[in-house]
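Letter by letter, the chains look like this.
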Amino acid sequence: MMKWAVLALALMASPAAAQDCFAGEPRKVSYDNGRVFTIIQRHGADVTYTVPYEGFQDSVSKTHLMLIPKQGRSGARSSEYKWSSRLPKLRDLVPGYTFDIKGTMKSGEGEAVPYRITGEVLREEEVKVGACSYPTLVILVETYLRDLKIFQTTDYLSPDMVVLLKAESILLENGQITDYAAVGLD
């Protein structure tokens, strides 16, 4: 009889634990580096969010699938990206898919300069946030400015939430590595 009572309690606790996992599209993603991305707008595959940076007011970024920049503003500094290539759709992002997007980036009043992003969806992988696991697409992204590769990032994109749950970047100029992982979803 005691075995059945323990089993019944375990089964009753199971749905409650599942309900603690986030579902839907979060408005905030907290990362282990202390930053909090606050999503202020979603329009199709475009996500606009704010994130605080040291020494600046909150910066505002508009991205495509949180992988490809479209606009950015941090204090008085702004950037705009114009893409002449087709941007990938979420449904395109499956293991083995590659993209090569060309365009220009204009910072402030400066001239537009060649800008390019290449990517490859490497695999699917579960990422844990707290006690919950979420499916992600692991995407290798390389960014070029004036045909010079400036950084390489491995992004873990949740296709269900359209947010990055983890990222590892290398700034090629100096080898600086930046990585972060989600610790909270609201």
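Keep in mind the model is a prediction, meaning the values are calculated, not measured.

S.K.: Which residues make up the overall build of the chain, and what are the values?
M.R.: The number of helices and strands found in the chain is one helix and twelve strands. Reading the chain from its N end, one meets helices and strands in the order α-β-β-β-β-β-β-β-β-β-β-β-β. The contacts in the chain between residues at least 6 apart in sequence include a share of 35% that link residues at least 24 apart. For the chain, the accessible area works out to roughly 11000 Å², and carbon and sulfur atoms hold 53% of it.

S.K.: Can you lay out the sheet that holds strand β11 (residues 163–171) for me, pointing to particular residues and giving the numbers?
M.R.: Strands sit in the order β1-β2-β3-β4-β5-β6-β7-β8-β9-β10-β11-β12 around a closed barrel of twelve strands; the barrel is antiparallel. Direction aside, neighbouring strands of the sheet carry axes that sit 25° apart on average. As judged from the four bridges shared by strand β5 (residues 68–74) and strand β6 (residues 77–83), these two strands associate in the antiparallel manner. Looking across to β6, one finds that Ser-74 is bridged to Arg-77.

S.K.: Explain a nonpolar patch on the surface to me, and be specific about the residues and the numbers.
M.R.: A surface patch of nonpolar side chains, about 260 Å² in accessible area, is lined by Ile-170, Leu-172 and Ile-177. You can see Ile-170 is positioned in strand β11.

S.K.: Talk me through the state of the cysteines; I want residue IDs and the actual numbers.
M.R.: Evaluated as defined, the whole model comprises one disulfide. Here Cys-21 is linked by a disulfide to Cys-132, with a sulfur-sulfur distance of 2.0 Å. Disulfide Cys-21-Cys-132: the torsion about the S-S bond is -90°, which places it as left-handed. With Cys-21 in the loop between α1 (2–19) and β1 (28–31) and Cys-132 in strand β9 (residues 132–145), this pair connects stretches of sequence that are 111 residues apart.

S.K.: Any chance you could break down the pattern of salt bridges for me, citing the residues and the numbers?
M.R.: All chains considered together, the criterion is met by seven salt bridges. We note a salt bridge from Arg-86 to Asp-92, for which the minimum N-O separation is 2.7 Å. For Glu-125, the salt bridge is made with Arg-123, and the minimal N-O distance between the two is 2.9 Å.

S.K.: Describe the nonpolar core, and please don't skip the residues or the numbers.
M.R.: Nonpolar side chains in soluble globular proteins generally cluster together in the buried interior. The biggest cluster of nonpolar side chains holds 41 residues, and the ones touching the most others in it are Leu-67, Trp-83, Leu-93, Ile-139 and Leu-165. If near-sequence neighbours (up to four positions away) are discounted, Ile-139 is found in contact with Leu-67, Leu-93, Phe-99, Glu-120, Val-121, Thr-153, Thr-154, Asp-155 and Leu-157.

S.K.: Got a sec to walk through the side chain of His-64? Specific residues and values, please.
M.R.: Structurally, His-64 can be placed in strand β4 (residues 59–64). Taking the relative accessible area as the measure of exposure, His-64 reaches 8% and is therefore buried. Each residue touching His-64, except ones within four places of it in the same chain, is listed here: Ala-45, Asp-46, Lys-70, Leu-87 and Pro-88.

S.K.: I'd like a description of unusual backbone geometry, backed by residues and values.
M.R.: Look at Arg-146: it is not a glycine, yet its phi comes out positive at around 50°. Within the fold, Arg-146 resides in the loop between β9 and β10 (148–158). By relative accessible area, Arg-146 is classed as exposed at 52%. Unlike most non-glycine residues, Asp-147 shows phi in positive territory, near 65°. Relative to the assigned elements, Asp-147 resides in the loop between β9 and β10. Asp-147 sits in the exposed class, given a relative accessible area of 67%.

Reading the values: rules and limits
Residues numbered from 1 in each chain as written. Predicted model: local features only at pLDDT ≥ 70, side-chain atom pairs only at ≥ 80, totals over all residues. Heavy atoms only, no water. Helix = DSSP H or I, 4+ residues; strand = E, 2+ residues; numbered from the N terminus. Contact = heavy atoms within 4.5 Å. Areas by Shrake-Rupley, 256 points an atom, 1.4 Å probe, with all protein chains shown as cover. Pairing = 2+ DSSP bridges. Axes fitted to C-alpha atoms, helices over the stretch in contact; angles between N-to-C directions. Patch = residues over 30% accessible without salt bridge, like charges linked within 9 Å, V, L, I, M, F, W, Y side chains within 5 Å. Salt bridge = Lys/Arg side-chain N within 4 Å of Asp/Glu carboxyl O. Disulfide = S-S within 2.5 Å. Core = buried A, V, L, I, M, F, W, Y, C linked by side-chain atoms within 4.5 Å. Buried < 20%, exposed > 50% of the residue type's maximum accessible area, 1.4 Å probe, protein only.

Scope: geometric values only; no functional claims are made or implied.
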